[in-house]
Amino acid sequence: MSEKQILAADDIRRAVTRIAHEIAERNEGVANVALVGIRRRGVPLAARIAAVLAEIEQVRVPVGILDITLYRDDLGLRGPAPVVHATAIPFDITGRTVILVDDVLYTGRTVRAALDALTDLGRPSRIQLAVLVDRGHRELPIRADFVGKNVPTARDERITTRLHEVDGGEDGVFIVRQD
Amino acid sequence: MSTGAGVVPAQAYDRRRHVLDLDDFSAEEIGEILETSVSMKEVLGRAIKQVPTLRGKTIVNLFFEDSTRTRISFELAGKALSANVVNFTARGSSVEKGESLIDTVRTLQALGADMLVMRHSESGAPYLVAQHFHGSVINAGDGRHAHPTQALLDLFTVYQRLGRIEGLKVVIVGDILHSRVARSNLWGFTRMGAQVVLCAPQTLIGPESFWKATWPELTISSNLDESLTGADVVMALRLQKERMEGGLLPSLREYSRFFALTAERVALAGPQCLVMHPGPMNEGVEIMPDVATSAQSVIEEQVANGVAVRMALLYRLAGE
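Residues numbered from 1 in each chain as written. Chains lettered and ligands numbered in written order. Predicted model: local features only at pLDDT ≥ 70, side-chain atom pairs only at ≥ 80, totals over all residues. Heavy atoms only, no water.

Caption draft 1: Spotlight on helix α5 (residues 148-162) of chain B. All names here are of chain B. For α5, built from 15 residues, the straight-helix expectation of 21 Å at 1.5 Å per residue is met to within 8% by its first-to-last C-alpha distance of 21 Å. Counting buried positions along α5 yields 11 of 15 residues, so the element is predominantly enclosed. Turning to α5, its buried residues are Pro-148, Thr-149, Gln-150, Ala-151, Leu-152, Leu-153, Asp-154, Leu-155, Phe-156, Thr-157 and Val-158. Two residues or fewer after α5 comes Gly-163, characterised by a positive phi angle close to 80 degrees. (Helix = DSSP H or I, 4+ residues; strand = E, 2+ residues; numbered from the N terminus. Expected span 1.5 Å × (residues − 1). Buried < 20%, exposed > 50% of the residue type's maximum accessible area, 1.4 Å probe, protein only.)

Caption draft 2: Representation of the interface of chain A and chain B. Every contact between the two is made by 16 residues of chain A and, on the other side, 20 residues of chain B. In this assembly, chain A packs against chain B so that about 1,600 Å² is buried in total across both faces, 60% of it on carbon and sulfur atoms. Of all residues in chain A, the largest losses of buried area upon contact with chain B belong to Leu-70, Leu-75 and Val-83 of chain A, amounting jointly to 35% of the total for that side. Counting across the chain A and chain B interface gives eight residue pairs in polar contact (both at pLDDT 80 or more). Across the side of chain A that touches chain B, the residue classes tally to 10 nonpolar, five polar and one charged. (Contact = heavy atoms within 4.5 Å. Buried area = accessible area lost by both parts, 1.4 Å probe. Polar contact = N/O pair within 3.5 Å; in protein donor to acceptor, adjacent residues only side chain to side chain. Nonpolar A, V, L, I, M, F, W, Y, C, P; charged D, E, K, R; others polar.)

Caption draft 3: Quick peek at the confidence of the model for chain B. All names here are of chain B. Summary statistics for chain B give a mean pLDDT of 91 and a share of 93% for residues scoring 70 or more. Overall, residues 1-13 carries pLDDT values under 50, and its contacts beyond four positions in sequence, including any with other chains, amount to 28 contacts. Listed scores for the predicted complex are pTM 0.90 and ipTM 0.85. (pLDDT = per-residue confidence, 0-100.)

Right, here's the structure in full:
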C-alpha cells in the first residue's frame, strides 16, 4: 500500500478560504445562505467555511449536520447496517440557499442521498454543493459548484482525508494505492 | 452463549438475523442500537416523519395474542422507514380453520414477507418460527419468556434520561414470575452494568436459586421499602391477572398494601428516581394514579421511545 499526499494542511486552508469567497461571490453575499456538512468530514469543513465567511462577510451563517445513512441506496449490500448518527439542522431550510459540504465527491451517490434527506426537511430555494476534492468517476448526473481541487484518480485508488477535528493530527488529503 | 429456548444457535453479532431475546446481545451492540435510536427519534420529531430506508421491504406483524402499544408501535416504526407493513391477527385468519404456526409462516413467506414481528402466548414460539422462516424474526413477546424490544426501549428511556446505565440501581417490582418484560430487562440491564433488584412476594418470583444460577449478582427481595433505598429506577410490572393461577395472592388489596408504588414509597428512593411501567397499568393495584402521572414518571416516554427503538432494530436487521 502506498500513500501520496495531494493536499497539505496549508493547501486545505487556502482551498477552504477560496471556496468561502466563491460562495459569497456567487450568491451576492451570504444573507440567505446556510451550510450543511455531510457526516463525517463535511461537518468540520462546513464549520471552517462558516468561520471564513464570518470574517470576510461579517455574517454568521447557520451551520447544520446531515447524516445520510437512512437515505443510502446500498443498505444490505455492504454488510452490517452502520450506526445512524443524528442529523442536526436547527434552522428552517425552506427558502434558503443551502450549501451541502463534503470532503470528497466520487460516484455522486452520497450527494443524491443528501439531496433526498435535505428535501425531506424543507424546501430550499437553491441547493449548491461544495467539496474539497473531486476525484471523478460519477455514476449519477451530479456536479459540484465549488471544488477545492480536481484530482484525477483510478477506480482502485482511495482518497483519504484527514481533518484534525475528526482524526486528530495534521490535516491532509492522500491518494492510497493498493500494491 | 445460549438462547432461552435452546433451539437456535446464538448469532454472531455482526451477522444478526433475528431478535429473539437480549441474551445474545453484547453491551457494544446494545450501545449501537441506543445510539441509532437517538437518530430515529430525531426523524420522528420532523414535520415529515418518514425516511425511505426500508422501501420495498415487507414486514408482517404476526400477533397471536392481544396487544395495543407493541403492535401499533411496530407498525409506526415500519411505516416511518417506508416499509410495507401488514397486520395479521389470529382472529379471522386461517388459524381458526386449524392452520398450524409453521404453515402460517410458510404462507407469509410465499407472500413475500421479509420480516416477521411476532407475539405468541407460548414461550419459545418465535424460536420455532425462526427455524422455518428465511427472513428475520423479531420477538414481540412470547409467553412468560422474553420481550426484547420492550427491554431495549426501557434501556433507551433510562439512557436518555440519566445519560448512563452502568452503575445504576434498578428495582423491578411485581409479578416477576409471569413477566417476560422482567426477564428481558434483566438481560439488558445486567449486560449494561446496572445493579438489578427483583422485588415480589415469594409466590410471584419462585426460588431464589433459579435466578441466581443465571444472574449471580442479582438481589432478590420481598421488601419494597428496603429495596427502594438508593434506587435510580423503579419499574412496576403489571399484575397479570390473566396468567394468574389461583392461590398465588391472598387478595389484590393485600398485594397493593406491600408492593404498590405509592408516592410515599417512591419518596424513599428520592426525587431523582425514574418511575417506569411497561403498560398496560392496573392503576390502584401495582401503581397509584398520582405516581403514574408524577414528574418522576417516564411511562409515556417509554411508549414514545418504543417507536424509535423498533425503527433502529428494523433498520439493523435489514442491513445484513
